[in-house]
Amino acid sequence: MAQQLSGKRYAQAIFDLALENNQVEQWGEDLAVVGEAFEDADFAALMKHADMSSVAKLAATATVLAGVNAMVRNLVDLLVSKNSVDSIVGVYTGYIELLDNHLGRQRVEVTTAVPLENAEADRINSFVAGLVRREVVLTTNVDESIIGGLVIQIGDRLLDGSTKARLDGLRNRLHTEIAASA
Amino acid sequence: MATRGQDIVSLIKRQIEEFGGDLTLVDVGTVVQVGDGVASIQGLQGVRSNELLDFGDDVLGLALNLESDIVGAAILGDPNSVKEGQRVQSTGRIIEVPVGDALIGRVVDPLGRPLDGKGPVATTGTRSVEKVAPNVVSRQSVDQPVQTGIKAVDSMIPIGRGQRELIIGDRSTGKTAIALDTIINQKGGDLICIYVAVGQKQGKVAQVVGSLDAAGAMEHTIVVTAGASDSAPIQYIAPYAGCAMAEEFMAQGKDVLIVYDDLTKHAWAYRQMSLLLRRPAGREAYPGDIFYLHSRLLERSARLDEANGGGSITALPIIETQAGDVSAYIPTNVISITDGQIYLEPELFNSGIRPAVNVGLSVSRVGGAAQTRAIRKVAGQLRLALAQYRELATFAQFGTADLDAATRAQLARGQLATEVLKQAQYVPLSLADEVVVLFAVNEGLMEDVEIEKVGAFQDQLLRYIGGSHPDILATITESKDISDEVSANLTKAINDFKPTFTG
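Residues numbered from 1 in each chain as written. Chains lettered and ligands numbered in written order. Predicted model: local features only at pLDDT ≥ 70, side-chain atom pairs only at ≥ 80, totals over all residues.

(A) Representation of the domain arrangement of chain A. One can read the domain layout of chain A as domain 1 (2-101) and domain 2 (105-181). Using only C-alpha atoms to locate each centre, domain 1 of chain A and domain 2 of chain A end up separated by 33 Å. (Domains from an automatic or database assignment.)

(B) Geometry of helix α4 (residues 202-214) of chain B. Residues and elements named next belong to chain B. Taking 1.5 Å of rise per residue, 13 residues should cover 18 Å, and α4 covers 18 Å from first to last C-alpha, within 8% of that figure. Residues V205, V208, V209 and L212 constitute the buried set of α4. The buried residues of α4 occupy one face: seen down the axis, they fall within an arc of 95°. Exposed residues on α4 whose side chains face more than 90 degrees from its buried face are G203, G210 and A214. In this fold, the buried residues of α4 make contact with β8 (107-108), α3 (175-185), β13 (191-200) and β14 (221-227). Looking at the residues trailing α4, positive phi occurs at G216, about 70°. (Helix = DSSP H or I, 4+ residues; strand = E, 2+ residues; numbered from the N terminus. Expected span 1.5 Å × (residues − 1). Buried ≥ 20, exposed ≤ 12 C-beta atoms within 10 Å, placed from the backbone. Arc of directions from axis to C-beta. Contact = placed C-beta atoms within 7 Å.)

(C) Inspection of the interface of chain B and chain A at higher detail. Of the residues lining the interface, 26 residues belong to chain B; the matching set on chain A comes to 19 residues. Only α1 (2-17), β1 (25-35) and β2 (38-43) of chain B provide two or more residues apiece to the side of chain B that touches chain A. Sort the elements by how many residues they give to the side of chain B that touches chain A and β1 of chain B lands first, with 7 residues. Residues of the side of chain B that touches chain A, tallied by class, amount to 13 nonpolar, 10 polar and 3 charged. Note that strand β4 (residues 157-162) of chain A and β1 of chain B share 3 bridges and pair antiparallel. Residue pairing in the sheet places L159 of chain A in a bridge with L25 of chain B of β1 of chain B. (Nonpolar A, V, L, I, M, F, W, Y, C, P; charged D, E, K, R; others polar. Pairing = 2+ DSSP bridges.)

(D) Here's a closer look at the confidence of the model for chain B. Averaged over all residues, the pLDDT of chain B equals 92, while 98% of them reach at least 70. Scoring the predicted complex yields pTM 0.87 and, for the interface, ipTM 0.72. (pLDDT = per-residue confidence, 0-100.)

(E) Highlighting the domain arrangement of chain B. When cut into domains, chain B gives domain 1 (23-94), domain 2 (98-371) and domain 3 (401-500). On a C-alpha basis, the centroid separation for the pair domain 1 of chain B and domain 3 of chain B is 62 Å.

(F) Local environment of the nonpolar core. Core analysis: the biggest nonpolar cluster contains 142 residues, and I194, V196, V256, I258 and V435 of chain B have the highest contact counts within it. In terms of residue count, helix α5 (residues 232-251) of chain B provides more of this core than any other element does, 13 residues in total. Contacts of V435 of chain B, omitting those with residues within four sequence positions, involve A374, I375, V378, I476 and I482 of chain B. Core analysis: the next-biggest nonpolar cluster, separate from the first, contains 21 residues, A18, W27, V76 and L79 of chain A among them. (Core = buried A, V, L, I, M, F, W, Y, C linked by C-beta atoms within 7 Å.)

(G) Examining the packing of α5 of chain B against helix α6 (residues 263-276) of chain B more closely. Residues and elements named next belong to chain B. Contact pair α5 / α6: the axes reach a minimum separation of 8 Å and the direction vectors enclose 135°. When the axis of α5 is compared with that of α6, the two are oblique. Considering the relative orientation of α5 and α6, their crossing is left-handed. Every residue of α6 that contacts α5 at A232, P233, Q235, Y236 and P239 is listed here: K265, H266, A269, Y270, Q272 and M273. (Axes fitted to C-alpha atoms, helices over the stretch in contact; angles between N-to-C directions. Parallel < 35°, antiparallel > 145°, perpendicular 65-115°, else oblique. Left-handed = near helix turned anticlockwise from the far one by under 90°.)

(H) Structural view of the sheet that holds strand β17 (residues 340-344) of chain B. All names here are of chain B. Pairing is mixed across the open sheet formed by 8 strands, whose spatial order is β8-β14-β13-β15-β16-β12-β17-β18. Unpaired on one side and paired on the other, β8 and β18 (363-364) mark the two borders of the sheet. Across 4 bridges, the pairing between strand β12 (residues 166-169) and β17 is parallel. Each residue of the ladder has a partner; that of L166, found in β17, is Q341. The strands that helix α8 (residues 329-337) touches are β12, β16 (312-320) and β17; relative to β16, the one it contacts most, it runs at about 160°.

The following block contains the structure:
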């Protein structure tokens, strides 16, 4: 938990720097590369390993993150040398959140039982855009266990229109109403 | 059965027709950390304090700490079923319990779920567990008695409807017994009783329910139990849940008696929760709001004025002390909140004086206002006699031969009073019976009875009056007073009985 929180602080710092340099989107792409590298458990474990000298660690990041902006690499090197490797992924997610806010974008996750067709995705996109009044970045998931309908997650809010949720609701209501009439 | 089947069919039909219904946006979050029955949740932007959270699989949570990024929640239910990374939904419901007449006679947990195996509780309404106490304007002073049926309490420490009277003492000094006798004595009366067991052994709760059932007292009683094996948050909400159930009846203009057994364990449960939620610890590691924990609970006991229905909640909180230390943190807190206390002493209990009430330390701040006139007339000298006796008794241990007659008389009176106030458990006396016994003492009609035979004398006297002079008892019950005529008749009846007393 502490790691995630400190990740947010670092994200805010690097985002402010990116704003000053007018490179918020490019740095975001660079951080995506960083995030991908450190989501690899083996690489993260290596970077945390006590037997590896910090010089060797920094050499490793320099190779892996060769194409990345110097400032972003500085941040990674700082976190690695401070033994805060765990918060790097948090920095990436925090940065994405700040970037979305900055650009007026809203990430939305849609889950359906069967894969969505493009036309349907577009309809959902415009529906949600009308709801949140922002540009919508849609990610789609397929989960058969929801049976039918769709689940839309907008940030911390959830619109559950799945058949599974409706059946659960029906079961609960029948339980309570039958209990009340008994 | 056929009609019930039909009902259910029509109910299902309606549900199918309305299937789906409206969709609403709900707040969701993710569990980032869980342990010891407390979860940290990321997300849940719009959640309110004390809102119920849904962890799925019938596990509920209670949002307690609202911070900028993290919500600290207590898990109500099996804490092992919640995993890191799990999704949590807010329900939009501030914590509430089912209330209503259907609860009477039932044993339920603090969320209103039945524990007695008698099937679902058919309640129709719910009430918020946390509620602000009635304000000054809607209250009236306490002036009607709660008849406990215990001579020592009714005569010297009267309890009124709407009062908060603390029962305090060491372990096994008869604290629960006083509360139970009071509940049993309400049989056939208009008081609805609620017994809230917090952190008690399940065996003891079963025993309590068994005794209430055997005495026919479950017919007017609700038992709310959060046992020692239940999670701390469940124990924490138990008294508030019981109080919410009581408030429903009070709002209907009825009188309710609620027993919190006991608030020491309630404080422990809250301390555990607070420490796990990382709230700063204060004295004895209790959090800073430990006083408010009990004061806001006990302030909800009140007697409403006629404009608000005239209902009342009388609270009998119980506190267990360690080695008689009433000046410990929690006991002093609760003593200062309540309108008096009944102090039970192990020394008295072990020397056979039961109920083991220490008359000197016990007090009711409502006092005589909540006593019937009949009791007030006969109980006047009792407290004084006992107080003087306790002082002299230590002194008189070395023999009474050298003492003057007045002192010896005082000792005899004190001994008699002590003996008369002894009472077995589960046999609360009616108002009229209490009056008869106390009258006999007060008028000096029992001074010639040998101390060892006082108990037998009482029993036989009550049986005699009940058999031969039921009219006297009826008059006392009805008028709740002792007129000159009743006084004369009673004196005559007791004098008639005395020669027939066989000892």
